[in-house]
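Working through the structure, step by step
Read off the chains here:
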Amino acid sequence: MAKLENKQVNPIVALIANWLVFGILGYMMLGQTSKSIKVLITSILATCLCVIPGIIVGVCSLIDVFQVATAVAQGEEVDEHEYKVELLYKFCKIIDKQAVFKG
């Protein structure tokens, strides 16, 4: 599995970018493109089932992108498919078979 490089992305900028562009831009800035697409699909499916799970997935993705950006900025090795929020990991594990949780 590919490890993310330190791209000097500010965690606040990643959080705002993720919030503004359908929950995917922050992940793309960090290099987690496939994860961003899977989080988007999970969010859409959760919203179709009921609005509340979609909101939960959206909030969890904001927390996750902030924690991943913080870990990358601190020089930690973060996998391309690594989740930092357990609830988001449990939702996305249904679609993302390569998902890894390290909270």
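Residues numbered from 1 in each chain as written. Predicted model: local features only at pLDDT ≥ 70, side-chain atom pairs only at ≥ 80, totals over all residues. Heavy atoms only, no water.

**What about the nonpolar core?**
Short version of the rule: Residues enter a nonpolar core if they are buried and are Ala, Val, Leu, Ile, Met, Phe, Trp, Tyr or Cys, with the set joined through side-chain atoms within 4.5 Å. The rule is simple: take the accessible area with a 1.4 Å probe, protein chains only, and divide by the maximum for that residue type; under 20% is buried, over 50% is exposed, in between is partly exposed. Numbering of helices and strands starts at the N terminus; helices are DSSP runs of H or I of at least 4 residues and strands are runs of E of at least 2. The contact criterion used throughout is that any non-hydrogen atoms of two residues lie within 4.5 Å.
Grouped together as the largest cluster of nonpolar side chains are 19 residues, with contacts concentrated most on Leu30, Val39, Tyr83 and Leu88. At the level of secondary structure, the elements contributing two or more residues to this core comprise α2 (25-30), α3 (33-49), α4 (51-73) and α5 (86-92). Ranked by the residues each element gives to this core, the list is headed by α4, at 7 residues. The contacts of Tyr83, once residues within four sequence positions are left out, are Lys35, Val39, Asp64, Leu88, Tyr89, Cys92, Asp96, Ala99, Val100, Phe101 and Lys102.

**What about the pattern of salt bridges?**
Our working rule: Just to be clear on terms, a salt bridge is a Lys or Arg side-chain nitrogen sitting within 4 Å of an Asp or Glu carboxyl oxygen.
Enumeration over the complete set of coordinates arrives at 5 salt bridges. Note that Glu82 is salt-bridged to Lys84, the shortest N-O span being 2.9 Å. The pair Glu82 / Lys84 is uniform in exposure class, with both members buried. Salt-bridge contacts for Glu86 lead to Lys90; the nearest nitrogen and oxygen are separated by 3.7 Å. Separated by 4 residues within a single helix, Glu86 and Lys90 lie in helix α5, roughly one turn from each other. The exposure class of Glu86 is partly exposed, given its relative accessible area of 42%. For Lys90, a relative accessible area of 52% corresponds to the exposed category. Counted as one network, the salt bridges with shared partners bring together Glu76, Glu82 and Lys84.

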